[in-house]
Structures are given as C-alpha cells and as structure tokens.
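Coordinate inspection notes
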Amino acid sequence: SVYDLRKGRLEARSDELEEELLCLAPLKGGKKLLAGSDSGILGVFSWGDFGDFSDRLTPAVLGSGEAIEALAPLSEHALLFASADGVLRAASL
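Now for a quick tour of the structure. (Residues numbered from 1 in each chain as written. Predicted model: local features only at pLDDT ≥ 70, side-chain atom pairs only at ≥ 80, totals over all residues. Heavy atoms only, no water.)

**What to know about the overall build of the chain**
Regarding its fold elements, the chain presents one helix and nine strands. Over its C-alpha trace the chain gives a radius of gyration of 13 Å, about what one expects of a compact globule, namely 12 Å for 93 residues. Over its C-alpha atoms, taken along the principal directions, the chain stretches across nearly 40 × 30 × 20 Å. Buried residues in the chain amount to 34% of all 93 residues. If you sum the accessible surface of the chain, you get close to 5700 Å²; carbon and sulfur atoms cover 51% of it. Averaged over its 9 positive side-chain charges, the chain has a centre that lies 10 Å from the centre of its 15 negative ones. (Helix = DSSP H or I, 4+ residues; strand = E, 2+ residues; numbered from the N terminus. Rg over C-alpha atoms; globule rule 2.2 N^0.38 Å. Buried < 20%, exposed > 50% of the residue type's maximum accessible area, 1.4 Å probe, protein only. Areas by Shrake-Rupley, 256 points an atom, 1.4 Å probe, with all protein chains shown as cover. Lys, Arg positive; Asp, Glu negative; His and termini not counted. Charge placed at Lys NZ, Arg CZ, Asp CG, Glu CD.)

Written out as structure tokens, the structure is:
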C-alpha cells in the first residue's frame, strides 16, 4: 500500500500477491520500483502503478531460487541483490 503521511490518506493499494515483499529499491531515475520477494522473484513496479508487477524476473533468470532479502542500486540500470543463500548477485534491467 502507498500511504501519504502528509495528507493522511491511502493513495494506492496493490493487488493480492502470493509473494511476501521483503525489500524495495528505486531504479531508472525513480520510474521503476523493484521488490524482492520470499519466493526469489524480483518484481518490477512502474512508479504510480502499484496494482501488480509490470514485469517479473524469475529465479531461473536471476540464478537463485532463494528469497531476495536486500537490494542495492549500482546505477540507473543495474543492482546488487542478496539472497537467503548468502550470495550477492548482480542484475541489469
């Protein structure tokens, strides 16, 4: 959910997701918001549209089936992510 603290109201609510989202990171100049999940999927939201992921990177693409516990942007198109298996990996969008 997106809650505006200044206005004191709910701005948007996402659709029901089967994954539990564990971490977030902005990318592409704040136009995309990446979300790491407990199922190892890296979900991509388009900023302002938080209903459902606009894209998903699956464990097969990312090289890990473990939960994604931390995200760290490296540039506008690349990031590091930490999985529950203790390995740091890099991905680009």
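Here the narrative resumes.
**Looking at the environment of Glu18**
You can see Glu18 is positioned in the loop between β2 (9–12) and β3 (21–27). For the pair Glu18 and Ser37, spaced 19 residues apart in sequence, the C-alpha separation works out to 9.6 Å.

**Examining the sheet that holds strand β5 (residues 42–46)**
Within the open sheet, the four strands sit side by side as β3-β4-β5-β6. Their pairing is antiparallel. The open sheet terminates on both sides in strands that have one partner only, identified here as β3 and β6 (55–57). In this sheet, neighbouring strand axes are inclined to one another by 25° on average, regardless of whether the strands run parallel or antiparallel. Relative to β5, strand β4 (residues 32–37) is paired through five bridges, and the arrangement is antiparallel. (Pairing = 2+ DSSP bridges. Axes fitted to C-alpha atoms, helices over the stretch in contact; angles between N-to-C directions.)

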